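Descriptive structure summary
Read off the chains here:
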Amino acid sequence: MRRQTYKSWGNLPFGKQKVIPLLSRSDPLPTLSEGETILPYGNGRSYGDSCLNTDGALIDTRYLDHMIQFDRERGVVTCESGVFLKDLLTLLIPDGWCLPVLPGTQFVTVGGAIANDVHGKNHSQFGSFGCHVLQFELLRSDGRRLLCSPTQNEVYYHATIGGLGLTGVIVWAQIQARPISSTDLECETIKFSGVEDFFRLEEDSQNTHEYRVAWIDCLSKGTALGRGHYSRANHADGRRVSRDSLLWKKRISFPLTPPISAVNKFTLQAFNSVYFHRQRKTIRKDTLSFETFFFPLDHIRQWNRMYGPRGFYQYQCVLPMDQACTGVTTLLRMIASGGIGSFLVVLKAFGDCAAPGMLSFSRPGVTLALDIPNHGQRTLDALSRLDEIVLNANGALYPAKDARMPPDMFRASFPRLDEFIPLIDPVFSSSFWRRIQPTSQSGDER
Amino acid sequence: MTNIAIFGVTSAIAQATGRLMACDGTRFCLIGRNAEQLEIIKQDYLVRGASDVFVFPCDLASRTTHQDLVDNIMQSVGQLDIVLLAHGVLPDQAACEEDPFEMSEAFEVNALSHMSLLTVLANVMAQHTKGTLAVITSVAGVRGRKSNYVYGAAKGAVSIFLDGLRHRLSSTGVQVLDIRPGFVDTPMTADFEKGPLWASPEDIARGILKAIEKRKDVTYLPHFWWWIMMIIRHLPRFVMHKTGL
Ligand SMILES: Cc1cc2nc3c(=O)[nH]c(=O)nc-3n(C[C@H](O)[C@H](O)[C@H](O)COP(=O)(O)OP(=O)(O)OC[C@H]3O[C@@H](n4cnc5c(N)ncnc54)[C@H](O)[C@@H]3O)c2cc1C
Ligand SMILES: NC(=O)c1ccc[n+]([C@@H]2O[C@H](COP(=O)([O-])OP(=O)(O)OC[C@H]3O[C@@H](n4cnc5c(N)ncnc54)[C@H](OP(=O)(O)O)[C@@H]3O)[C@@H](O)[C@H]2O)c1
């Protein structure tokens, strides 16, 4: 078996790994040699190293892509863990159902969505993906197949949701869908001029609009600091569900990785400025199709290649509500002055729904995410400065996006870590997991 | 009702192709040697919308069973609209060079089992005035190359067989489609390092459907392989022998 370069979305250079596909949901895990570790791999849409296991093996779940059952009356769907959210949507939507939680790309597997307990733009109403997982089967390296639900093998249920693939392989899962009135979305986009405005808009909209997200021009400074576009939306009324809205008529693709990053000071300035001013009026109302609203980035396949061969980081943090306004302002000031520009700075509020996973990222507060081209040590230093602000505000970083957070930061921001550790499968490990081990004990805890 | 029979349906390419066709009004006959996996695919197609699915567990290398198999299929569905042959193995070329038995085994599955099934199926299809007989061969069958000529020879043999069969059925209105994929990322090629020339099973599946719709005779998938094979086919031998192809 040859070693292969499986990548994560950030395209950062990590080493090779052995890849072992799981060919059927009834297959056992492979026999491993002494000391060898494994990690399930979904579709590599995590940005950093949480879906990689450099020098170890990956269990590729791509062939676990079968539907098992769909109860059209109750909206309950059961499928194997390698099924893409895109395929679930194709199945659900014609019957008026939808996944309650949708991340920014539909090219994510069910297993990956559970293992990172992903969130969408409607967290305050529907919580995270794990909240809608009724049950799943967990395959452990000792051959046991645990049926996990809120009432059966509960500890494994809560450890595996948001469990970063470390507790075993999710073989199949059963998900409760939610009904939708339409695949069209009535969307309002409002220009705002600073972070405080964002919080005001949030307060105004939280009871009237299900989906809410803001984009921030992260290069503006001074009085323009924190200006951006706030968009809020609801499913349109009137039973219009269209399967066609799920198929981009023509997807374009970033064909090859350019030798140097296409993202630099000039393209960023231009993009952020044009994007902010593209909308003249303060409020714009549109009816948007499902994919345009939820998955605008999926329109360009492999857009991550534009960052060139060195790849890029995504930095996503959450700050508790009481610290959010000052915290976000300080972060934005640092980002604008440190020159670590980004195409996409996104701000979303999380509601009070308790996340079901021991290591779930989403928690009440506000989450800020930005993409940063990799300029080596300079970038790492700039990000460390952001860490300080996040830690001071009692915030946390999202492991799904992370490729660099220091061990202390992880420990400080995931308080249920000690409850989680004993539930890890002894032969499972990841590059991320080894990286966030406290340096003094690395080696004895995998 | 459209009746579709897929031989070797456990193949990644075949499964993806069936999935694209699984909708209200399609009835499937699924043939493969892994009975458990056939049930899994059956469930999958039914959930995705197929009207009905029959499974026929069968090792397709055992040629003596082919007539009975096809008879059983015909008994279940009465008529076939689309037939896809997809089973195959990628033999270890080095092992085939050492061991004549290994070599002929590969030929058995990749060539003879296809020709045997096609012989039985052609007689069934010849009674119709429409329908499609589609077979997955390979770009490897276009020219013998040292890296995999055992596999290539078997695929090439099937291509020539299909040429003749197409000639024979030309007056019936039955389409005989020779599908020649390039590199596809499937369990068959799990150990290969992938590059920009590689396609996904879903890409190939879409190409197969399009070729059926357009009633093509031969299709290279993705299409750029037509150009590549055109060049390879015409490389002078002295140049070819300098390559590691
Ligand atoms: C453009 C874009 C937008 C995004 N937007 C959002 C967003 O809005 N919200 C959000 O929360 N995330 C978002 N993400 C991140 C993405 O949703 C998560 O990283 C997701 O988990 C990726 O799923 P995947 O199937 O690619 O899994 P991978 O990235 O391959 O794996 C993710 C984790 O799941 C584990 N895993 C995978 N399959 C299994 C299995 N069968 N059993 C057990 N463990 C398994 C892996 O070990 C790994 O730890 C976005 C990513 C991109 C590229
Ligand atoms: N992948 C490529 O790059 C590529 C390129 C050109 C052509 N092709 C051709 O495409 C076709 C499909 O292959 P794939 O790429 O989809 O690979 P695959 O997933 O490995 O499929 C091959 C299938 O053939 C089945 N099979 C082998 N021997 C059989 C037998 N005696 N009886 C019944 N079934 C048998 C296997 O069944 P089991 O699961 O039971 O083993 C397997 O499901 C093959 O004909 C292959 O030669 C592939």
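Please read all numbers here as calculations on a predicted model, not as lab measurements.

Observations concerning the overall build of chain B
Check the secondary structure of chain B and you find nine helices and seven strands. A compact globule built from 245 residues would reach a C-alpha radius of gyration of about 18 Å, and chain B, at 18 Å, matches this within 12%. Along the first, second and third principal axes, the C-alpha atoms of chain B reach 55 × 40 × 35 Å. Summed over all atoms, the accessible surface of chain B reaches about 11000 Å², with 56% contributed by carbon and sulfur.

Remarks on the interface of chain A and chain B
The interface of chain A with chain B comprises 24 residues on the first partner and 20 residues on the second. Taking both sides of the interface into account, the surface hidden between chain A and chain B amounts to around 1800 Å²; carbon and sulfur atoms contribute 43%. Together, Gln4(A), His66(A) and Met67(A) form the three largest contributors to the area buried by chain A at its contact with chain B, with a combined 28%. Among the salt bridges present, the one from Arg19(B) reaches Asp65(A), with a minimum N-O distance of 2.9 Å. In this assembly, chain A and chain B are joined by 11 residue pairs in polar contact (both at pLDDT 80 or more).

Brief notes about the site of ligand 1
Residues and elements named next belong to chain A. Lining the immediate surroundings of ligand 1 are 36 residues, of which Pro40, Arg45, Ser46, Thr109 and Tyr398 lie closest. Side-chain polar atom of threonine 109 to an oxygen atom of ligand 1: 2.6 Å apart, as the coordinates give it. Put simply, the parts of the chain that give the shell around ligand 1 at least two residues each are β3 (38-41), α2 (110-115) and β10 (169-176). Class assignment of the residues belonging to the shell around ligand 1 gives a composition of 17 nonpolar, 16 polar and three charged.

Some remarks on empty space enclosed by the protein
To find the voids left in a structure, one rolls a probe of water-molecule size over its atoms. If you walk through the whole model with that rule in mind, you get three cavities of 30 Å³ or more. For the largest cavity, the calculated volume is near 80 Å³. What lines the largest cavity is simply Gln4(A), Tyr6(A), Val19(A), Pro21(A), Asp60(A), Arg62(A), Tyr63(A), Asp185(B), Thr186(B), Ala190(B) and Lys194(B). Class assignment for the residues of the lining of the largest cavity results in five nonpolar, two polar and four charged. If you trace the second largest cavity, you find it lined by Gln314(A), Tyr315(A), Gln316(A), Leu397(A), Tyr398(A), Lys401(A), Asp402(A) and Arg404(A). For the lining of the second largest cavity, the element with the most residues is strand β18 (residues 312-319) of chain A, which contributes three residues. Of the residues in the lining of the second largest cavity, the class split is three nonpolar, two polar and three charged.

Remarks on the sheet that holds β10(A)
Strand order in the open sheet formed by five strands is β5-β6-β10-β8-β9 (chain A), and the pairing between neighbours is antiparallel. This sheet does not close on itself; its edge strands, each paired only once, are β5 (67-71) and β9 (145-148) of chain A. Taking each pair of neighbouring strands and ignoring which way they run, the sheet shows an average axis angle of 10°. Direction of pairing for strand β6 (residues 76-80) of chain A relative to β10(A): antiparallel, over a ladder of five bridges. Among the inter-strand pairings, Glu80(A) is bridged to a residue of β10(A), identified as Trp172(A). Set on the sheet, helix α1 (residues 85-92) of chain A makes contact with β5, β6 and β10 of chain A; between it and β5(A) the angle comes to about 35°. Strand contacts of helix α2 (residues 35-47) of chain B: β5 and β6 of chain A, with the helix running at about 35° to β5(A), the strand carrying the most contacts.

Quick word on the sheet that holds strand β1 (residues 3-4) of chain A
Strands in a sheet are paired, the pairing made by backbone hydrogen bonds, and the direction either parallel or antiparallel. Residue and element names in this part refer to chain A. In space, the four strands of this open sheet follow the order β1-β2-β4-β3, with mixed pairing throughout. Sheet topology places β1 and β3 at the edges, where each strand pairs with a single neighbour. Here two bridges tie β1 to strand β2 (residues 17-21), and the two strands are oriented antiparallel to one another. What sits directly across from arginine 3, in β2, is lysine 18.

Focus: a negative patch on the surface
Residues and elements named next belong to chain B. A surface patch of negative charge is lined by Asp92, Glu97, Glu98, Asp99, Glu102 and Glu105. Elements supplying a minimum of two residues to the negative patch: α4 (93-98) and α5 (100-125). Assignment of secondary structure puts glutamate 102 in helix α5.

Some details on the pairing of strand β4 (residues 57-60) of chain A
Residues and elements named next belong to chain A. The alternating pattern of β4 places Ala57 and Ile59 and Leu58 and Asp60 on opposite faces, both of which are buried. Pairing of β2 with β4 involves four bridges; the strand directions are parallel. Residue pairing across strands places proline 21 opposite aspartate 60, the latter belonging to β4. Pairing analysis gives four bridges linking β3 to β4, with the strands arranged parallel. Bridging from a neighbouring strand, tyrosine 41 pairs with aspartate 60 of β4.

Calculation notes
Residues numbered from 1 in each chain as written. Chains lettered and ligands numbered in written order. Predicted model: local features only at pLDDT ≥ 70, side-chain atom pairs only at ≥ 80, totals over all residues. Heavy atoms only, no water. Helix = DSSP H or I, 4+ residues; strand = E, 2+ residues; numbered from the N terminus. Rg over C-alpha atoms; globule rule 2.2 N^0.38 Å. Areas by Shrake-Rupley, 256 points an atom, 1.4 Å probe, with all protein chains shown as cover. Contact = heavy atoms within 4.5 Å. Buried area = accessible area lost by both parts, 1.4 Å probe. Salt bridge = Lys/Arg side-chain N within 4 Å of Asp/Glu carboxyl O. Polar contact = N/O pair within 3.5 Å; in protein donor to acceptor, adjacent residues only side chain to side chain. Near = heavy atom within 4 Å. Nonpolar A, V, L, I, M, F, W, Y, C, P; charged D, E, K, R; others polar. 1 Å grid on protein atoms, 1.4 Å probe; cavity = no way out; pocket = protein on both sides within 12 Å on 5 of 7 lines; lining within 4 Å. Points joined across faces, edges and corners; volume = space filled by probe spheres on them. Pairing = 2+ DSSP bridges. Axes fitted to C-alpha atoms, helices over the stretch in contact; angles between N-to-C directions. Patch = residues over 30% accessible without salt bridge, like charges linked within 9 Å, V, L, I, M, F, W, Y side chains within 5 Å. Lys, Arg positive; Asp, Glu negative; His and termini not counted. Charge placed at Lys NZ, Arg CZ, Asp CG, Glu CD. Buried < 20%, exposed > 50% of the residue type's maximum accessible area, 1.4 Å probe, protein only.

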